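Chains, contacts and geometry: an overview
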Amino acid sequence: LVEMGQPMHAFDLNTLEGSASCNRYFGGYTVPELGTLEFGGIGMTRMMCENNKVEDGFMHYLDKAKFYKVDEKTLEFRETKDGKVILKFENVKMK
């Protein structure tokens, strides 16, 4: 069994990748207009993980994310423009 970790997320020009806690995910995204996003073609590794609750929840909400708000420290995803935050990422420097 593979040890679970914290979900993480990285964006590059129209691509995303990260860890959902055990498995890695990757795919593409577009920004049709400022504040909105659409994910497409997201794939994922399928390792045998001890507990997939965190990972399943993370991927569930990533799939629902249609709107974003970003500043120098955080990235927030929402299901609706003025809805509650469903995923929040903090900017950290990778070692």
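Here the structure is shown first, and the text comes after it.
Overview of the structure. All of these numbers come straight from a predicted model, not from anything done at the bench.

1. Details of the nonpolar core
Where a protein is soluble and globular, its nonpolar side chains tend to be buried together. Ranked by internal contacts, the top residues of the largest apolar core, which has 15 residues, are Tyr25, Phe58, Met59, Leu62 and Phe77. Among the elements of the structure, strand 3 (24-30), helix 1 (53-64), strand 6 (74-78) and strand 7 (85-90) are those that each provide at least two residues to this core.

2. A word on the sheet that holds strand 6
Reading across the sheet, the three strands line up as 5-6-7 and stay open at both edges, with antiparallel pairing between neighbours. Pairing within the sheet leaves two strands with one partner each, and these edge strands are strand 5 (67-70) and strand 7. Between one strand axis and the next, the sheet turns by 15° as a mean value, whatever way the strands run. Relative to strand 6, strand 5 runs antiparallel, the two being bridged by four bridges. Paired with Phe67 across the bridge in strand 6 is Arg78.

What counts as what
Residues numbered from 1 in each chain as written. Predicted model: local features only at pLDDT ≥ 70, side-chain atom pairs only at ≥ 80, totals over all residues. Heavy atoms only, no water. Core = buried A, V, L, I, M, F, W, Y, C linked by side-chain atoms within 4.5 Å. Buried < 20%, exposed > 50% of the residue type's maximum accessible area, 1.4 Å probe, protein only. Helix = DSSP H or I, 4+ residues; strand = E, 2+ residues; numbered from the N terminus. Pairing = 2+ DSSP bridges. Axes fitted to C-alpha atoms, helices over the stretch in contact; angles between N-to-C directions.

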